[in-house]
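Structural features, examined
Now for the letters of each chain:
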Amino acid sequence: MIRAAGLGIHAAELKGRGDYVTAVDRESQQVILRALRAATPELPVLAEETGPDCVPPAGGAITDGWVVDPLDGTTNFHRGFPVVGVSVALLEEGVPVAGAVSAPFLGQSWHGARGAGAFDGRGTRLRVGVRPVAEAVVATGFPFRAPERRAGYLRVLAAVLARVEDGRRAGAAAIDLALVAAGVFDGFFELGLHAWDVAAGALLVTEAGGVVGDWGGGQGHLATGDILAGSPGVHAALLEAVGEGSGGPS
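Described in the following lines is the structure provided in the data block. (Residues numbered from 1 in each chain as written. Predicted model: local features only at pLDDT ≥ 70, side-chain atom pairs only at ≥ 80, totals over all residues. Heavy atoms only, no water.)

We now examine the pattern of salt bridges. Two side chains of opposite charge can pair, provided their charged atoms sit close to one another. Using the criterion set out here, one finds seven salt bridges in the structure. Put simply, aspartate 166 and arginine 168 hold a salt bridge, and the shortest N to O gap is 2.9 Å. For arginine 168, a relative accessible area of 41% gives the class partly exposed. Salt bridges sharing common partners tie together Arg163, Glu240 and Glu244. (Salt bridge = Lys/Arg side-chain N within 4 Å of Asp/Glu carboxyl O. Buried < 20%, exposed > 50% of the residue type's maximum accessible area, 1.4 Å probe, protein only.)

Below you can see the structure in the form of structure tokens.
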């Protein structure tokens, strides 16, 4: 549906601070949900855009079933910037076991399954980068939905930039994570994301030999949305930077 819509300036509705939805978000979600329900009618689905075709489980959380972001990077799509993705992941007991990310305007896709590896659309196995931390390029996203967390984020950002070569901010977390898995970026960190933003990408990173966790060093990133990911060395450096940033954002 995204490819059919074409890249350009698209009308968008404002859901919240810096948070948009377009008709293509909804259309893409309907197509994905039809496919998932035809194949696995017994599994619940948690998707970003709510509505009569997607009723989240009690509490809005999911431990077994599908998590779907029908259009990751809606602001990019709305403004005509081509870093736009689709992310679908399957969870079992709260852990991603299969996932796929597509970047239709970039002509790229990535997929993986737990214990079976991660691959790009040409079938090439993904491997995280092996660059030294001082040569690493890491992706990030700003806490635009939670301005009260900016000061803490900026402390961590400064600590990260003191360790790595450079940073990038493209605005689509699923694609950022896929590019970490592919060795394009060496790491990724962000605050306040949702399970549908990161579940598939996190699986790709771990299957590509990387490490994914939360800002406290645990595995709560799907619940909290505070995520650190990267090659083992870069992930360790990101976790160290969070500690240096006064224990992370408040």
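Unlike most non-glycine residues, glutamate 93 shows phi in positive territory, near 50°. Examined against the element boundaries, glutamate 93 turns out to sit in the loop between strand 5 (85-92) and strand 6 (95-103). Judged by relative accessible area, glutamate 93 falls into the exposed class, the value being 71%. (Helix = DSSP H or I, 4+ residues; strand = E, 2+ residues; numbered from the N terminus.)

Closest axis-to-axis distance for the helix 5 (residues 173-181)/helix 6 (residues 195-207) pair is 8 Å, and the angle between their directions is 0°. By the angle between their axes, helix 5 is roughly parallel relative to helix 6. Counting all contacts with helix 5, which are made through Ala173, Ala174, Leu177, Ala178, Val180 and Ala181, the residues of helix 6 involved are Asp197, Val198, Gly201, Ala202, Leu204 and Val205. Taken together, the residues of the contact of helix 5 with helix 6 sort by class into ten nonpolar, one polar and one charged. (Axes fitted to C-alpha atoms, helices over the stretch in contact; angles between N-to-C directions. Parallel < 35°, antiparallel > 145°, perpendicular 65-115°, else oblique. Contact = heavy atoms within 4.5 Å. Nonpolar A, V, L, I, M, F, W, Y, C, P; charged D, E, K, R; others polar.)

Everything listed here is a matter of geometry and, on its own, says nothing about what the molecule does.
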